[in-house]
Amino acid sequence: QVQLVESGGGLVQPGGSLRLSCTASGFPFNSYAMSWYRQAPGKERELVAISTYSGGGTNYADSVKGRFTISRDNTKATMYLQMNSLKPDDTGVYYCSTYYYQRYWGQGTQVTVSS
């Protein structure tokens, strides 16, 4: 079965950095687009970044452009989100996701940006 496991969240001060990881199994990772979403308290889940199957194409929410970088290592079936210049508004639960006949989600990892 498809499994997506996120890691790397935590508490960081404004201006700091974090790198999230998503390890995937149960589907042909190197053939499918992958994405990162986040959900802040009291808000709807929103798309943060998306990568094509090869990693050659990426797209970002306007709010994170220039600060976040999505990447993937298809040899390790792992996707990453490098987050720099973090702001309090980046606080939330971050989820990795893919669509493989249906939408799948990881369990999420908490990111808190606070001084």
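Up top is the structure these notes are about.
Described in the following lines is the structure provided in the data block.

Basis of the calculations
Residues numbered from 1 in each chain as written. Predicted model: local features only at pLDDT ≥ 70, side-chain atom pairs only at ≥ 80, totals over all residues. Heavy atoms only, no water. Helix = DSSP H or I, 4+ residues; strand = E, 2+ residues; numbered from the N terminus. Rg over C-alpha atoms; globule rule 2.2 N^0.38 Å. Buried < 20%, exposed > 50% of the residue type's maximum accessible area, 1.4 Å probe, protein only. Contact = heavy atoms within 4.5 Å. Areas by Shrake-Rupley, 256 points an atom, 1.4 Å probe, with all protein chains shown as cover. Lys, Arg positive; Asp, Glu negative; His and termini not counted. Charge placed at Lys NZ, Arg CZ, Asp CG, Glu CD. Disulfide = S-S within 2.5 Å. Pairing = 2+ DSSP bridges. Axes fitted to C-alpha atoms, helices over the stretch in contact; angles between N-to-C directions. Polar contact = N/O pair within 3.5 Å; in protein donor to acceptor, adjacent residues only side chain to side chain. Core = buried A, V, L, I, M, F, W, Y, C linked by side-chain atoms within 4.5 Å.

A separate point is the overall build of the protein chain. In terms of helices and strands, the protein chain carries zero helices and 11 strands. Counted from the first residue to the last, the protein chain has its helices and strands arranged as β-β-β-β-β-β-β-β-β-β-β. Its C-alpha atoms give the protein chain a radius of gyration of 13 Å, near enough to 13 Å, the size a compact globule of 115 residues would have. Judged by the C-alpha coordinates and their principal axes, the protein chain covers about 40 × 25 × 20 Å. Counting every position in the protein chain, which comprises 115 residues, the buried fraction comes to 42%. Contacts spanning at least 24 positions in sequence make up 52% of the contacts within the protein chain whose residues lie at least 6 apart. When the accessible surface of the protein chain is summed, it comes to about 6100 Å², and 46% of that surface belongs to carbon and sulfur atoms. Here the protein chain holds 10 positive side-chain charges and 7 negative ones, and the gap between their average locations is 4 Å.

What follows covers the state of the cysteines. Under the criterion given, the structure shown has one disulfide. There is a disulfide in this structure between cysteine 22 and cysteine 96, and the S-S distance comes to 2.1 Å. Taking the torsion about the S-S bond as the criterion, the cysteine 22 to cysteine 96 disulfide, at about 55°, is right-handed. Of this pair, cysteine 22 sits in strand E3 (residues 18-25) while cysteine 96 sits in strand E9 (residues 92-99), and the two are 74 residues apart along the sequence. In terms of burial, cysteine 22 and cysteine 96 fall into one category: buried.

The next subject is the sheet that holds strand E8 (residues 78-83). Across the sheet, four strands lie side by side as E1-E3-E8-E7; this open sheet has antiparallel pairing. A single partner strand is all that each edge strand has here, and the edge strands are strand E1 (3-7) and strand E7 (68-73). Averaged over neighbouring strand pairs, the angle between their axes works out to 15° when direction is ignored. Bridge count between E1 and E3: five bridges; the pairing is antiparallel. If you follow leucine 4 over to E3, its bridge partner there is alanine 24.

The subject of this paragraph is the side chain of threonine 91. By secondary structure assignment, the location of threonine 91 is in the loop between E8 and E9. Within polar-contact distance, the side chain of threonine 91 engages the backbone oxygen of proline 88 at 2.9 Å. Every residue in contact with threonine 91, bar those within four places of it in the chain, is listed here: Ala40, Pro41, Gln110, Val111, Thr112 and Val113.

The subject of this paragraph is the nonpolar core. Core analysis: the biggest nonpolar cluster contains 27 residues, and Trp36, Leu81 and Met83 have the highest contact counts within it. When residues of this core are traced back to their parent elements, those giving at least two are E3, strand E4 (34-39), strand E5 (46-51), E7, E8, E9 and strand E11 (109-113). Ignoring sequence-local partners within four residues, the contact set of leucine 81 consists of Leu18, Arg19, Leu20, Trp36, Val48, Ala49, Phe68, Thr69, Ile70 and Tyr94.

Mapping asparagine 74 onto the fold places it in the loop between E7 and E8. A residue is classified by how much of its surface remains accessible, and asparagine 74, at 28% relative accessible area, is partly exposed. The contact partners of asparagine 74, leaving out residues within four places of it in the chain, are Phe29, Asn30, Tyr53 and Ser54. A distance of 2.9 Å separates the side chain of asparagine 74 from the side chain of arginine 72, its partner in a polar contact.

Limitation: the analysis is restricted to geometry and does not speak to function.
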